[in-house]
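Each chain, letter by letter, is given below.
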Amino acid sequence: MNWLLTIVGILVFLLIIVSITKLKVIIDLHHAGDDDHIIIKLFAWSGILRYTIKIPLIKIDKESPGIVVKHEEIAGNQKDKSNKGKNKFTPRDILLGIEDTTIIVQHVVNIHKIVRLFLSKVYITKFNWNTTLGIGDAAQTGLIVGLGWSLKGTLIGVISQYMKLMVHPTISITPSFQIPISETKLSCIFHFRIGHAILAGIRLIKYWKGGLPKFKTKPLSMLSGNQNKSV
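Residues numbered from 1 in each chain as written. Predicted model: local features only at pLDDT ≥ 70, side-chain atom pairs only at ≥ 80, totals over all residues. Heavy atoms only, no water.

Caption draft 1: Main features of the overall build of the protein chain. Assigned secondary structure in the protein chain consists of five helices and seven strands. Along the protein chain, helices (α) and strands (β) appear in the sequence α-β-β-β-α-β-α-β-β-β-α-α when read from the amino end. Of all 231 residues assigned to the protein chain, the portion counted as buried reaches 19%. Sequence separation of 24 or more characterises 75% of the internal contacts of the protein chain that already satisfy a separation of 6 or more. Just so you have it, the protein chain exposes about 17500 Å², and 65% of that area is on carbon and sulfur atoms. (Helix = DSSP H or I, 4+ residues; strand = E, 2+ residues; numbered from the N terminus. Buried < 20%, exposed > 50% of the residue type's maximum accessible area, 1.4 Å probe, protein only. Contact = heavy atoms within 4.5 Å. Areas by Shrake-Rupley, 256 points an atom, 1.4 Å probe, with all protein chains shown as cover.)

What follows is the structure, encoded as C-alpha cells:
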C-alpha cells in the first residue's frame, strides 16, 4: 500500500511541476523571394529542455506544369436539366434556419471564450516585423505600402487585445519604388505555462465531447435533391 501511495505522490508532484512550467516559444519567419523558412524553438527550465521545429515551405516550380492542379467538382450531371428549379421554403423552414444560425453563433462564442481565456495568459516579450515591398511602380507601391501598414496595425491591435504585449512592437515597411521586391522577416517570443495550455485543451475536449451541434433544418443537398420543387 505504501508503494502505491508513493507512486501516486510522484505522479501528482510531476503533474504539478509540468503545470507550473513556463514554456518559451521563439518564432522566426523569413520570406525573401524563393528563400522562405519558418523556425519554431521551444524552451523550458531555462533552456535545459529545448526543441526546434523547422517547417519546410513548398517551392513553386514555374517551369513545371505538373504542379498546377485544377480541381473542379460538379454536383450531379450538368446536362441533366431535371434537377433545375427553384427551392421553395416555407415560413417554418425560415424559422428553423434562424434557430440553426443561433446555434452556430453560440458554438463559436463558446469556443472563442475558451481560446481567449488561454490567450490572456500568453505574454509576448518580443515582436519585430520588418517588411520591404515594391512592384516597380511608385504609385502602386505607395498604395500597397499603405495597405501593409493598415494590416500590421490591425494585427498588433488584435494581439494586444487578446494577449499581454509586454514590449513595444517594432514594425516597419520599407517601400521599394524602383525594384520589384517582396521580403518580410518576423521574430516573436512569447511565454505561457503548460498548465494553462493543458487546461484549455481539456475544456475544448469537454466542450466538443457532445459532438457537433444538432441542426433543425435539413442539409442543402437534401433540399436540392428529392425535395427540390420547381416553381
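Caption draft 2: Structural detail: the nonpolar core. Among the nonpolar cores identified, the biggest contains 18 residues, and Val25, Phe118, Val122, Ile124, Phe127, Phe190 and Phe192 are the most heavily contacted of them. Elements supplying a minimum of two residues to this core: strand 1 (22–32), strand 2 (35–44), helix 2 (91–119), strand 4 (123–134), helix 3 (138–162) and strand 7 (181–193). Ranked by the residues each element gives to this core, the list is headed by strand 7, at four residues. If we skip the residues at most four places from it in the chain, phenylalanine 118 touches Phe192, His196, Ala197 and Ala200. (Core = buried A, V, L, I, M, F, W, Y, C linked by side-chain atoms within 4.5 Å.)

Caption draft 3: Representation of the environment of histidine 30 in the model. By the secondary structure assignment, histidine 30 is in strand 1. Separated by 99 residues in sequence, histidine 30 and tryptophan 129 place their C-alpha atoms 9.9 Å apart. If near-sequence neighbours (up to four positions away) are discounted, histidine 30 is found in contact with Asp35, Asp36, His37, Glu183, Thr184 and Lys185.

Caption draft 4: A look at the environment of tyrosine 123. The topology assignment puts tyrosine 123 in strand 4. Residue tyrosine 123 is classed as partly exposed on the basis of its relative accessible area, which comes to 36%. Distance in space between the C-alpha atoms of tyrosine 123 and arginine 193 is 9.8 Å, their sequence separation being 70 residues. Excluding anything up to four places from it in sequence, tyrosine 123 contacts Lys164, Met166, Ile189, Phe190 and His191.

Caption draft 5: Structural context of the pairing of strand 4. With two bridges joining them, strand 4 and strand 5 (residues 164–165) adopt parallel strand pairing. Pairing of isoleucine 124 across the sheet is with leucine 165, part of strand 5. The pairing of strand 4 with strand 7 spans eleven bridges and is antiparallel. Looking across to strand 7, one finds that tryptophan 129 is bridged to leucine 186. Judged from the six bridges that link them, strand 4 and strand 6 (residues 170–175) form a sheet pairing that is parallel. Its bridge partner lying in strand 6, tryptophan 129 is registered against isoleucine 171. (Pairing = 2+ DSSP bridges.)

Caption draft 6: A look at the confidence of the model for the protein chain. Confidence in the prediction for the protein chain averages 77 pLDDT; 67% of positions are at 70 or higher. Low pLDDT, under 50, characterises residues 64–86; the stretch is placed with nine contacts to residues that sit more than four places away or in other chains. Confidence over residues 219–231 falls short of pLDDT 50; this stretch has 17 contacts with residues more than four positions distant or in other chains. (pLDDT = per-residue confidence, 0-100.)

Caption draft 7: Structural view of the packing of aromatic side chains. Counted under the stated rule, the structure contains two aromatic pairs. Arranged with centres 5.4 Å apart and planes meeting at 75°, the rings of phenylalanine 118 and phenylalanine 192 form a pair that is edge-to-face. Placement of the pair is phenylalanine 118 in helix 2 and phenylalanine 192 in strand 7, with a sequence separation of 74 residues. Exposure remark for phenylalanine 192: the relative accessible area of 12% places this residue in the buried category. Ring centres 6.3 Å apart and planes at 20° place the aromatic pair phenylalanine 190 and phenylalanine 192 in the stacked group. Connected via pairs of aromatic rings, a cluster forms that spans Phe118, Phe190 and Phe192. One cation-aromatic arrangement involves lysine 24 over phenylalanine 43; the distance from NZ or CZ to the ring centre is 5.9 Å. The ring of tyrosine 162 carries the charged tip of arginine 116 above its face, separated from the ring centre by 4.7 Å. (Phe/Tyr/Trp six-rings, centres within 6.5 Å; stacked < 30°, edge-to-face > 60°. Lys NZ or Arg CZ within 6 Å of the ring centre and 35° of its normal.)

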